[in-house]
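# Breakdown of the fold
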Amino acid sequence: MKFIQIRDEPIAPGGLVEWTPYVSGGLGAWRPDPRLTSHNHEQHLRAAFDYRVRTQREGGREAWLGLSIELDEPLSIPAIRSVLTQWIDRHEVLRSHVVITGTGLQRLTTDPGTVKLKMGRIGWFAEPGPLVEQLGGSFDRATAPLHWPAYLFATVGRADSFTLLFAADHSLVDGYSLIMAQQELVSLYRAAREHRTANLPAVGSYVDFSAEERRRADQTGGDHPAVALWSEFLRTGASDMPALLRSPQGTSRGIGDEADQQYREETTIPQESLWGVVADDETANRFTAICSEAGGTLTAGVLAAFAMVHHEMTDDAEFRCVLPRHTRDDAQWLTALGWFVGVAPFWMDMSDSPTFDQAVTRATAVLKRGRRGASLPFLRVADLIGHHGEPRFVISFIDTRYAPGAGAADAGRAKVIRSHSYSPHEVYIWINRTPSGLRYSARFPRESPLRELGVGESSTDIPPVGAPMPDASPFPFDAEASDIDPTIGPVHAYLHNFAELVRRLGDASTFSRAL
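Residues numbered from 1 in each chain as written. Predicted model: local features only at pLDDT ≥ 70, side-chain atom pairs only at ≥ 80, totals over all residues. Heavy atoms only, no water.

### Here we look at the packing of aromatic side chains
By the definition in use, this model includes 25 aromatic pairs. With 5.4 Å between their ring centres and 75° between their planes, Phe209 and Trp333 make a pair best called edge-to-face. Placement of Phe209 in helix α5 (residues 206–218) and of Trp333 in the loop between β11 (318–326) and β12 (341–349) is noted, with a sequence separation of 124 residues between them. Residue classification places Phe209 among the buried residues on the basis of a relative accessible area of 5%. For Trp333, a relative accessible area of 8% corresponds to the buried category. Ring centres 6.1 Å apart and planes at 70° place the aromatic pair Phe319 and Phe346 in the edge-to-face group. Taken together, the positions of Phe319 in strand β11 and Phe346 in strand β12 put the pair 27 residues apart, joining distant regions of the chain. By the ring-pair criterion, three or more aromatic residues cluster together here, those being Trp30, Trp87, Trp148, Tyr151, Phe153 and Phe166. Taking the ring centre of Phe233 as reference, the NZ or CZ of Arg320 above it sits at 4.3 Å. (Phe/Tyr/Trp six-rings, centres within 6.5 Å; stacked < 30°, edge-to-face > 60°. Helix = DSSP H or I, 4+ residues; strand = E, 2+ residues; numbered from the N terminus. Buried < 20%, exposed > 50% of the residue type's maximum accessible area, 1.4 Å probe, protein only. Lys NZ or Arg CZ within 6 Å of the ring centre and 35° of its normal.)

Structure representation (structure tokens):
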């Protein structure tokens with residue numbers, strides 16, 4: 001299943017309709033809800049408010065995730081309206097909103113059955129470029145975290161098929177939510193078309209989860225194991241978060257009009273994105289076998305490979321990054337929409353230039369120890385130790401093969417989409433094990449020139465030497481990581497070398513599918 005920036009792949013043209021949730025009477029008709037807000041959500045809201053104050057732009061900088069689902073049948077307006085309202089009723093986080101008040105935060109919630117959908121016919125698009133630009137702009141505007149709804153649905157209808165799209169602010173969803181949600185939406189639509197009830201498992205509410213997580217975290221003191229682990233990680237890293245790239249000169253923020261202007265300027269250039277294939281299924285299986293022979297999992301092997309690439313490129317004595325870890329610790333959260341993500345520190349010794357087997361062994365031990373780091377929200381840890389930085393170099397690994405509908409999604413039925421990011425210093429790399437192999441996605445400070453025309457802004461826009469220049473589509477190809485030009489910049493080289501190492505190790509494996 002692909003994970004891409006929305007402007008990086010085309011959507012087949014057709015008739016665009018936007019579906020906007022509303023409640024009669026507005027937020028004034030909602031009930032006050034005493035349930036607490038998660039640390040992640042509060043920080044996200046306050047950052048959006050700070051951005052609005054600094055830039056005078058309403059709503060906050062876009063930071064959304066979403067879905068694009070292809071259905072090979074004509075669009076039924078009654079069915080899709082039924083599906084989307086059922087889904088909003090199913091996931092309470094879509095019917096709850098947090099506002100910043102003079103005394104703190106106030107949650108408001110509305111009951112199932114109260115959210116309706118306004119159908120807005122935008123028009124017919126004959127080409128994918130303008131269609132994707134329209135969708136990207138609509139999602140950017142509709143997902144502002146300071147407003148409700150901070151999400152939007154859209155459909156693109158054609159004679160014999162349609163595309164269903166959904167985008168929501170990150171405070172409402174995470175990547176795992178969307179991996180699971182695509183099958184839910186397909187099941188609901190098929191049931192609506194067949195006039196039956198969808199057989200979906202019961203699901204918990206992220207609003208309940210976040211309230212309990214916040215309550216426990218606020219009662220925790222400096223003796224929590226996560227505090228000691230993060231303190232050690234930061235202390236051994238010059239009291240700062242690790243970065244793959246050196247921070248650009250002059251990116252620190254000061255106080256006053258000059259600093260505000262600098263902040264506006266440094267956040268107007270979108271990050272670059274790369275995505276594609278690291279290894280096919282057979283090579284991924286061979287690489288997994290190598291990891292198993294070394295006593296580790298595929299997760300440990302991926303991190304060990306990154307560590308070896310990093311050491312080869314930098315000669316650093318340690319490999320350091322931050323790992324997202326899901327916090328879905330009960331069955332009721334497995335298919336719930338929400339931001340169920342903690343982070344854990346990861347650092348391992350590379351001073352003796354270990355072999356891959358040795359690196360896997362070390363990565364396995366660090367992963368086991370690092371679980372404690374995600375057992376308390378990092379923002380609570382930061383409060384306790386007085387740290388003010390945020391993760392800058394993040395590597396995520398998810399195995400999606402066992403998610404419902406994973407095979408169809410990976411074959412092209414669905415993809416997870418995301419907005420632009422504008423950070424001048426963050427490097428995020430996602431590695432997903434899917435039914436077809438290992439996929440990668442990354443965002444990072446731009447290393448390639450911006451395109452002058454077209455909606456694609458990935459460095460994979462640049463064709464290989466000798467390839468014909470595209471004369472119609474502005475969209476780049478789905479690149480294999482080994483085809484990335486490592487001379488463009490450090491992140492390009494990082495991903496290229498990682499893919500080369502994974503394939504080289506996979507080719508050396510004696511693993512056989514027959515065994």
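That was the structure; now back to the text.
### Quick notes on the packing of helix α4 (residues 175–193) against helix α12 (residues 406–413)
One way to put it is that α4 packs onto α12 with a least axis distance of 10 Å and a crossing angle of 95°. In terms of orientation, α4 and α12 fall into the roughly perpendicular class. Contacts from Gln182, Gln183, Val186 and Arg190 in α4 reach Ala406, Ala409 and Arg413 in α12. Considered class by class, the residues forming the contact of α4 with α12 number three nonpolar, two polar and two charged. (Axes fitted to C-alpha atoms, helices over the stretch in contact; angles between N-to-C directions. Parallel < 35°, antiparallel > 145°, perpendicular 65-115°, else oblique. Contact = heavy atoms within 4.5 Å. Nonpolar A, V, L, I, M, F, W, Y, C, P; charged D, E, K, R; others polar.)

### Points about the sheet that holds strand β9 (residues 162–169)
One open sheet holds the seven strands; their spatial order is β1-β14-β4-β9-β8-β2-β7, and the pairing between them is mixed. If you trace the sheet from one side to the other, it starts and ends with β1 (3–5) and β7 (115–125), each paired once. Averaged over all neighbouring strand pairs, the angle between strand axes comes to 25°, with direction disregarded. As paired strands, strand β2 (residues 14–23) and strand β8 (residues 151–157) are joined by five bridges and run antiparallel to one another. The residue of β8 that forms the bridge with Glu18 is Ala154. (Pairing = 2+ DSSP bridges.)

### Quick notes on a nonpolar patch on the surface
Residues Phe49, Val53 and Ile100 make up a contiguous nonpolar surface patch of roughly 230 Å² in combined accessible area. For Ile100, the location among the structural elements is in strand β5 (residues 96–101). (Patch = residues over 30% accessible without salt bridge, like charges linked within 9 Å, V, L, I, M, F, W, Y side chains within 5 Å. Areas by Shrake-Rupley, 256 points an atom, 1.4 Å probe, with all protein chains shown as cover. Salt bridge = Lys/Arg side-chain N within 4 Å of Asp/Glu carboxyl O.)

### Points about the sheet that holds β5
Judged by pairing direction, the sheet is antiparallel, and its three strands sit side by side in the order β3-β6-β5 without closing on themselves. The open sheet has two edge strands, β3 (31–33) and β5, and neither has a second partner. Across the sheet, the axes of successive neighbouring strands diverge by a mean angle of 40°, strand direction being ignored. Relative to strand β6 (residues 104–109), β3 runs antiparallel, the two being bridged by three bridges. Note on β6: the bridge partner recorded for Arg31 is Thr109. Sitting on the sheet, helix α1 (residues 39–55) is in contact with β5 and β6, with an inclination near 55° to β5.

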